[in-house]
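Coordinates in review
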Amino acid sequence: MISLDQIKEVVRECQQEHILKFYDELKNDERESFLNQLKRIKFKEVNGLFKKAQKAYSEGVEKVDSRIQPIPVDQFGSEKNADPEEVLTYKSLGLEAVSQGQVAVLLLAGGQGTRLGVTYPKGMYSVDLPSGKTLFQIQAERIRRVMELAHQETGRKGSVVWYIMTSGPTNATTKKFLETNNYFGLNKENVKLFQQGLLPCFDFEGKILMEGKNVVALAPDGNGGIYRALMENHILDDMEKRGIKYIHAHSVDNILVKVADPVFLGYCVKKEAECGAKVVSKNSPNEAVGVVCKVDGKYQVVEYSEITEQTANLRDSSGNLVFSAGNICNHFFTTSFLQKVGKQYESELKLHVAKKKIPYVDGKGEKVKPSKPNGIKIEKFIFDVFQFTDKFVTWEVPRISEFSALKNADAAGKDCPSTARADLLTLHKSYIEQVGGHINEGVEVEISPLLSYAGENIEQKVKGKKFDSTTILLSEEEALRSYINGITIGKA
C-alpha cells in the first residue's frame, strides 16, 4: 500500500503539494477517504496530460482546409442510395452475427442530465411518451427485438451483451435502476456496467483544483476514456471469453438509435471494416456538427470550427455538400481493433480541453463558486481512434429515422425532450401509414420496440385501421401483462 510519506514525495515532485495543505486539520475518517482518493491518482501521468493539453490549447484551432478530403466513395455506403437487395444482404449478415452471439452493444451512459435540468443519469430520462418508457427501457427493448428477429431469421437464439459505461456520479444510480426494473427483460448476466475514468481538474497554471479540503476536483475523462476503461475493467477479456467479434457503440441520448442495428453491422462486416461510423447528412453547410472525413490521409472527425466557411460550402457536380457526413456518435468496432487500440494507441489519443467554471477551495480553505471560467477539464473523444486504421467505413442513414438528440431542456427548443418525443412519434406514424393505417390529426400512436424494430410486424394491427385516440401498439407479451394488470390503453 502507498503510504502518506510516499504520497507527499510524489506530489512534491509534481509541484502539487498544495493539495495537502489542510491535511492536518482533517478528522480521521476525512483523512482516510482523502488518502484513498489520492492513491488512485497517477500524479506524474496527469501532470503530463496537463502539459500536453496546454500545448494543444495554446496552438489554437488550426484550419485544415488544404489537408481535408471526403471519405472515398468505396468506403461510403448510404441507405438511401443502396440497392434494396444489398441492404437485405447486410441485414442477414448482421442477424447471423447476432444469432451466433458475436455482437455486443457498448452504451456510453456516463453523462448526468444536468443540461436537461435533472440530477439523475440521462438514460433514466422519460420524454413523456404515452408508454412512459425511459431511454434505457427503449434501448433494452430494441436489443430484445433484434435477438428475436435473429431467431426468426436463423432458428438460433443468440444473445447480445449490453455493456454500459457509466461514470462515478452515475454508476450506483444506473445499477439500482436497472436492477429495480429487472434489466427490462434482458438476462442480467448479459448486462455489464463499468466506469469510465476520472481526471483531476486544473487551474490555468496546472495546479490541481480542490473541491473540498479533503477532495480533489475530478471530472469524467470523456467518451474517449472508454478505451482505457475497457482494458482496466477487463471488459475486453470478457468479450473475448464470450466470443464477441463485433461491437455497436453509441451514446445514450439518441432516442431514435437502432441498437445493434443488423444493417449497419452487416455492412461493416461485409466491407471487412475494423471501425465504422454511422453518419447523417448535414442539414446545412453551417450546421455545427463534426464531419467524418480524411485529413493528411487519416480518418477523423473535423469540427466545424476547423474548416473555413468556403470549404464547408463546397458542393459536388450533383449539388451535394462535399463534406456532409455528420458525426452522430454511432460506431462499429471489431473487438480485435479495440484490443489493438487499448494496447498500442490509447496513449496517443488527442486531448480536448474545455475551459469551465469549476467550484474549488481557495488557499484559506473557503469554498469559491466562480462566475467565469477558472480552470480546465481534459477529455478524450471516442472518434479519435479512426486514425489508427485503414479499414474504416461510413454508413449514411436518414436523420428522420435514426437521429434525434436529447441534450437540452425544453426551453432551448432544440435537441430537447419535446423534439425527441415528436421525432419518435412522427417516425412511428410513418411506419403505420406505410402499411395502410391512418392516424387522425393530433392523435399519438406509439409502437413498442418489443413489437417492431423498424416498422416490421405491425401490418396486422394497423392495416385499414383509423386511430382517433392515443394508442400504444404492444407486443403479445406486453398486451398480456397489461391485461393482467388491468391496463386498457394500447390494446390495438
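What comes next concerns the included structure. (Residues numbered from 1 in each chain as written. Predicted model: local features only at pLDDT ≥ 70, side-chain atom pairs only at ≥ 80, totals over all residues. Heavy atoms only, no water.)

1. Observations regarding the overall build of the protein chain
Counting secondary structure elements, the protein chain contains 15 helices and 24 strands. Taken against the 2.2 N^0.38 rule, which gives 23 Å for 492 residues, the C-alpha radius of gyration of the protein chain at 24 Å falls within 12% of a compact globule. When the backbone C-alpha atoms are referred to their principal axes, the protein chain occupies close to 75 × 60 × 45 Å. Considering the protein chain as a whole, with its 492 residues, one finds that 51% of them fall into the buried category. In the protein chain, once contacts between residues fewer than 6 apart in sequence are set aside, the share between residues at least 24 apart is 75%. Accessible surface, the protein chain as shown: approximately 23,500 Å² in total, 47% of it carbon and sulfur. In the protein chain, 66 side chains carry a positive charge and 65 a negative one; their mean positions are 3 Å apart. (Helix = DSSP H or I, 4+ residues; strand = E, 2+ residues; numbered from the N terminus. Rg over C-alpha atoms; globule rule 2.2 N^0.38 Å. Buried < 20%, exposed > 50% of the residue type's maximum accessible area, 1.4 Å probe, protein only. Contact = heavy atoms within 4.5 Å. Areas by Shrake-Rupley, 256 points an atom, 1.4 Å probe, with all protein chains shown as cover. Lys, Arg positive; Asp, Glu negative; His and termini not counted. Charge placed at Lys NZ, Arg CZ, Asp CG, Glu CD.)

2. A closer look at the packing of aromatic side chains
Each aromatic ring pair is characterised by the separation of its centres together with the angle its planes make. Evaluation of the coordinates by the stated rule reveals 15 aromatic pairs. Judged by centre distance (5.7 Å) and plane angle (90°), the rings of tyrosine 90 and tryptophan 395 are edge-to-face. Within this pair, whereas tyrosine 90 is found in helix H4 (residues 84–99), its partner tryptophan 395 is found in strand E20 (residues 392–396), the two being separated by 305 residues in sequence. The pair tyrosine 90 / tryptophan 395 is uniform in exposure class, with both members buried. Aromatic ring contacts, followed pair by pair, group Phe136, Trp162, Phe177 and Phe184 into a single cluster. The positively charged end of lysine 213 is found above the aromatic ring belonging to phenylalanine 22, 5.3 Å away from the centroid. Directly above the aromatic system of phenylalanine 204 lies the positively charged group of lysine 355, at a separation of 5.3 Å from the ring centroid. (Phe/Tyr/Trp six-rings, centres within 6.5 Å; stacked < 30°, edge-to-face > 60°. Lys NZ or Arg CZ within 6 Å of the ring centre and 35° of its normal.)

3. What to know about helix H13 (residues 417–434)
For H13, spanning 18 residues, the distance from its first C-alpha to its last is 26 Å, which sits close to the expected 26 Å at 1.5 Å a residue. Buried within H13 are the following residues: Pro417, Ala420, Arg421, Leu424, Leu425, Leu427, His428, Tyr431 and Ile432. Take H13 and look down its axis: the buried residues cluster within an arc of 150°, on one side only. Phi turns positive one or two residues past the end of H13, at glycine 436, with a value near 95°. (Expected span 1.5 Å × (residues − 1). Arc of directions from axis to C-beta.)

4. Thoughts on the sheet that holds strand E19 (residues 375–379)
Overall, antiparallel pairing links the three strands, which are arranged E7-E19-E16 in an open sheet. Bordering the open sheet on either side are strand E7 (202–203) and strand E16 (352–356), each of which pairs with just one other strand. Both E16 and E19 contribute to a ladder of five bridges, which runs antiparallel. What sits directly across from histidine 352, in E19, is glutamate 379. (Pairing = 2+ DSSP bridges.)

5. Regarding the pattern of salt bridges
Once the charged atoms of two side chains with opposite charge are near each other, the side chains can pair. In this structure the tally under the stated criterion is 26 salt bridges. As a salt-bridge pair, aspartate 253 and lysine 122 come within 3.2 Å of each other at their nearest N and O atoms. Note that aspartate 253 is positioned in the loop between strand E11 (246–251) and helix H9 (262–270) and lysine 122 in the loop between strand E3 (103–108) and helix H5 (135–154), a separation of 131 residues in sequence. Accessibility assignment for this pair places aspartate 253 and lysine 122 in one class, buried. With a closest N to O distance of 2.7 Å, glutamate 346 and lysine 380 form a salt bridge. With glutamate 346 in the loop between helix H11 (335–345) and E16 and lysine 380 in the loop between E19 and E20, this pair connects stretches of sequence that are 34 residues apart. A single burial state applies to glutamate 346 and to lysine 380, both of which are buried. (Salt bridge = Lys/Arg side-chain N within 4 Å of Asp/Glu carboxyl O.)

6. Quick word on the pairing of E3
In terms of burial, E3 is largely enclosed, as six of its six residues are buried. A two-sided burial pattern is seen for E3, the buried positions comprising Val103, Val105 and Leu107 on one face and Ala104, Leu106 and Leu108 on the other. Two strands pair when backbone bridges link them, and E3 and E11 are joined in this way by six bridges, in the parallel orientation. Bridged to leucine 106 within E11 is alanine 249. Across five bridges, E3 lies against strand E4 (residues 161–166) in parallel orientation. Looking across to E4, one finds that alanine 104 is bridged to valine 161. At this point the chain moves from E3, through H5, to the parallel E4, and the crossover so formed is right-handed. (Right-handed = clockwise from strand over helix to strand, strands pointing away.)

7. Focus on the nonpolar core
If you look at the biggest cluster of nonpolar residues, it comprises 45 residues, and the most contacted ones within it are Phe136, Ile143, Trp162, Leu186 and Trp395. Of all the elements in the fold, those that place two or more residues in this core are H4, E3, H5, E4, helix H6 (171–180), H9, strand E15 (325–334) and E20. Residues in contact with leucine 186, not counting those within four places in the same chain, are Ala140, Ile143, Arg144, Met147, Trp162 and Val191. Core analysis: the next-biggest nonpolar cluster, separate from the first, contains 38 residues, Tyr163, Cys275, Val292 and Phe392 among them. (Core = buried A, V, L, I, M, F, W, Y, C linked by side-chain atoms within 4.5 Å.)

8. Topic: unusual backbone geometry
Within the chain, glutamine 15 stands out as a residue other than glycine whose phi angle is a positive 60°. The topology assignment puts glutamine 15 in the loop between helix H1 (4–13) and helix H2 (28–39). Exposure remark for glutamine 15: the relative accessible area of 56% places this residue in the exposed category. One non-glycine residue, phenylalanine 184, lies in the positive phi region at around 50°. Overall, phenylalanine 184 belongs to the buried group, its relative accessible area being 8%.

9. Regarding the pairing of strand E13 (residues 291–295)
Buried residues dominate E13, accounting for five of its five residues. Because side chains alternate across E13, one face comprises the buried residues Val291, Cys293 and Val295, and the other comprises Val292 and Lys294, equally buried. Here strand E1 (residues 68–69) pairs with E13 via two bridges, running antiparallel. Paired with isoleucine 68 across the strands is valine 295, a residue of E13. As defined by bridge partners, E13 adjoins strand E14 (residues 298–302) across five bridges and the pair is classed as antiparallel. Counted as the bridge partner of valine 295 is lysine 298 from E14. The turn linking E13 back onto E14 is made up of two residues, and aspartate 296 within it adopts a positive phi angle of 55°.

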